[in-house]
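Breakdown of the fold
These are the residues of each chain, in order.
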Amino acid sequence: MKTTADLVITGGKLWSHGAPLRGADALAVAGGRILALAPLPEIEPLIGPRTRRVDAAGGTVTPGITDAHIHLVQWGVARGELRLEGLRSRSDVLAAVTEHVRTHPSLPVAVGRGWDARDWTEPPELAALDRATGSRPVLLHSRDFHALWVNRAALERAGVTSTTADPAGGRFERDAAGELTGVVREHAVRRFAELMPAPSFDSLLASTRSAASALLAEGVTCVHDFEGPRDLPVVRALAQGEGPRVRALMNLSHDGLEPALGLGLGSGVGDDDFRLGAIKLFADGTLGSRTAAMLDPYDDSDERGLDLIPAAELEALVKRAFAGGLAVAVHAIGDRAVRHALDAFAAAAATPSRTPRLASRIEHAQLVHPTDVVRFAALGVVASMQPVHCTSDLELVERHWSRRREHSYPWRSLLASGARLAFGSDAPVEPPSVAHGLQAAVSRRRPDGTPAVGFVPGECVDLDAALTAYTETPARLAGQWPRLGCLAAGALADVVVWSDDLHRTPPERLHEVKPAATVLAGEIVHLGIAVASGARAIQAAGS
């Protein structure tokens, strides 16, 4: 019996396996899998009266995109909270918080997200926040989610006073007189965890589904999610349920290590909708909070950042995870943290143990000492990086790492050494726009065109490498290749039709392209009207 396609995409510039595909401009889908890729005349016999047809109108057609580093549940929640991104001064933030507190009188705790004090003329301060908020506890997350700005009511509720000692790997900031400023960094944030509102499962699932719908509109069909064990049921219900969904590789936080070991769960357990990934460990903090662990001091101080997990403990944890069949993802931003992570992976690899099914990874790797670049490939460690971090934080690099700027965000150097790159967004730290990520990766410029020659332009990657970091490498990292991450007969039909030919779009304008159609498991889950330059509307026929 002749197979009839459920869906046919025509008129596209097909891309897969690291390069444009030659000799094929059409793709047929049946039963949730790719049936064939070929010139249109060879696909036409597969078209029946109920086949749905999408005209790519000359746009690039890629595998579904994987966001290889996202906090999906957190992002879903953050989309409904007070948003402070883009506010340029302390007074602007305080005005927004005052209005939020006034218009939400029933909230027992006010939570906001996204402040960034790098260019403020007045620093975050306890008394200023108290004047704006009164007696209700207020918790304001910084843009990088590694600091809180809290008021006195929150400090009192958490039992924190000026005599409270800093925890290991954390800090309660104090002024010159030794009094608390209201800014809390890294592990000290944990003191306020019980003050955070606890949404219900249904509420979390609803906000996460809304976030998934937004991801599909960006072309994202799969995520590598980083959450705590509490959120695992939410992500699993999303990935395996009805309604807006994305596939998910669930990477558990540090406190998920012992439960996973106790249940005998190894990395890779699950199916292509939902599976267990790595255990995430924090080696250091962030550049914005000046807690990234550095081999040499920051340019403008004697500080070298924080080791959130001491090197010896990190090595022991990686060995323990490996012995239980669990891959490890280490958050490491500063060059000292990256070195400690690589040392831990090397020590674990040299110790006889069970080998995890999935590769391990270093998250962010924003500054890598030149002698450590080659160690990623040698150890089989994937560099999981976020292109927009480079363009968002370039002033911070110039301010704090200017003497080492040539070694920041070393994408091309890592690729040249044989390492694999996986790209993501780190939402809610940055918006999960794949188009903006592509533009940052290939030009190292912001959407406004600055800096004119790109930031450390020698570390740009070409478009094919960037697309590979959003498709094939994450699929390999999750143990899903070649079922996902490529366009090939028999592969699962996760596909993005882009509004333009990506290879003919100037690198500095890639942020303007949009997914005109997103397909998940053979179903059209997003169908938009292209608005980028030179694009035409996508048309779909049939039902």
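Refer to the structure above for everything that follows.
The present account deals with the structure reproduced in this document. Predicted model, so just to flag it, every value in this text is computed and none were measured.

**Looking at the pairing of strand β17 (residues 274–282)**
- Taken across its 9 residues, β17 has 8 buried, putting it largely inside the fold.
- The sheet contact formed by strand β16 (residues 247–252) and β17 spans 4 bridges and is parallel. Its bridge partner being in β17, Leu249 is matched across the sheet by Arg275.
- Looking at chain direction, β17 and strand β18 (residues 328–332) are connected through 4 bridges and run parallel. Within β18, the position partnered with Ile279 by the bridge is Val328.

**Focus on the side chain of Arg361**
- With respect to the helices and strands, the residue Arg361 is situated in strand β19 (residues 361–364).
- Engagement of the side chain of Arg361 in a polar contact is seen with the side chain of His224, the distance being 3.1 Å.

**Let's talk about the sheet that holds strand β22 (residues 495–498)**
- Pairing is mixed across the open sheet formed by 6 strands, whose spatial order is β3-β2-β7-β22-β23-β24. Every interior strand has two partners, whereas the edge strands, β3 (19–20) and β24 (523–527), have only one.
- Strand direction decides the pairing type here: strand β7 (residues 60–63) and β22, joined by 3 bridges, are antiparallel. Its bridge partner being in β22, Thr62 is matched across the sheet by Val496.
- Contacts from helix α16 (residues 463–470) reach β2 (13–16), β3 and β7, with the element oriented near 65° to β2.

**Here we look at the layout of surface pockets**
- Its boundaries defined by the atoms lining it, the second largest pocket holds a volume of some 850 Å³.
- Along its surface, the second largest pocket is lined by 33 residues, and Glu85, Arg143, Ser392, Glu430 and Pro431 are the ones closest to its centre.

**Some points on the packing of aromatic side chains**
- Overall, the coordinates contain 6 aromatic pairs when judged by the stated rule.
- Ring geometry for Trp115 versus Trp120: centroids 6.0 Å apart, planes at 40°, classification tilted.
- Plain terms: the ring middles of Phe423 and Tyr470 are 5.6 Å apart, the flat faces sit at 70° to each other, and that makes the pair edge-to-face. Of this pair, Phe423 sits in strand β21 (residues 421–423) while Tyr470 sits in helix α16, placing them 47 residues apart in sequence.
- Judged by its relative accessible area of 0%, Phe423 falls in the buried class.
- For Tyr470, a relative accessible area of 3% translates into the label buried.
- Here the aromatic residues Trp115, Trp120 and Trp149 are joined through ring pairs into a cluster of three or more.

**As for the environment of Arg33**
- Position of Arg33 among the secondary structure elements: in strand β5 (residues 33–38).
- Measuring from C-alpha to C-alpha, the distance between Arg33 and Pro259 comes to 35 Å, with 226 residues separating the pair along the chain.
- Apart from the residues within four sequence positions on either side, Arg33 is in contact with Ala28, Gly490, Ala491, Leu492 and Ala493.

**Overview of the packing of helix α9 (residues 311–323) against helix α10 (residues 335–349)**
- Between α9 and α10, whose axes approach to 8 Å, the crossing angle comes to 45°. Classified by the angle their axes make, α9 and α10 are oblique. When you trace α9 past α10, the crossing you get is right-handed. For the pair formed by α9 and α10, the contact residues are Ala311, Leu314, Glu315, Val318, Lys319 and Phe322 on the first element and His340, Ala341, Ala344, Phe345, Ala347 and Ala348 on the second.
- Considered class by class, the residues forming the contact of α9 with α10 number 9 nonpolar, 1 polar and 2 charged.

What counts, and at which threshold
Residues numbered from 1 in each chain as written. Predicted model: local features only at pLDDT ≥ 70, side-chain atom pairs only at ≥ 80, totals over all residues. Heavy atoms only, no water. Buried < 20%, exposed > 50% of the residue type's maximum accessible area, 1.4 Å probe, protein only. Helix = DSSP H or I, 4+ residues; strand = E, 2+ residues; numbered from the N terminus. Pairing = 2+ DSSP bridges. Polar contact = N/O pair within 3.5 Å; in protein donor to acceptor, adjacent residues only side chain to side chain. Contact = heavy atoms within 4.5 Å. Axes fitted to C-alpha atoms, helices over the stretch in contact; angles between N-to-C directions. 1 Å grid on protein atoms, 1.4 Å probe; cavity = no way out; pocket = protein on both sides within 12 Å on 5 of 7 lines; lining within 4 Å. Points joined across faces, edges and corners; volume = space filled by probe spheres on them. Phe/Tyr/Trp six-rings, centres within 6.5 Å; stacked < 30°, edge-to-face > 60°. Parallel < 35°, antiparallel > 145°, perpendicular 65-115°, else oblique. Left-handed = near helix turned anticlockwise from the far one by under 90°. Nonpolar A, V, L, I, M, F, W, Y, C, P; charged D, E, K, R; others polar.

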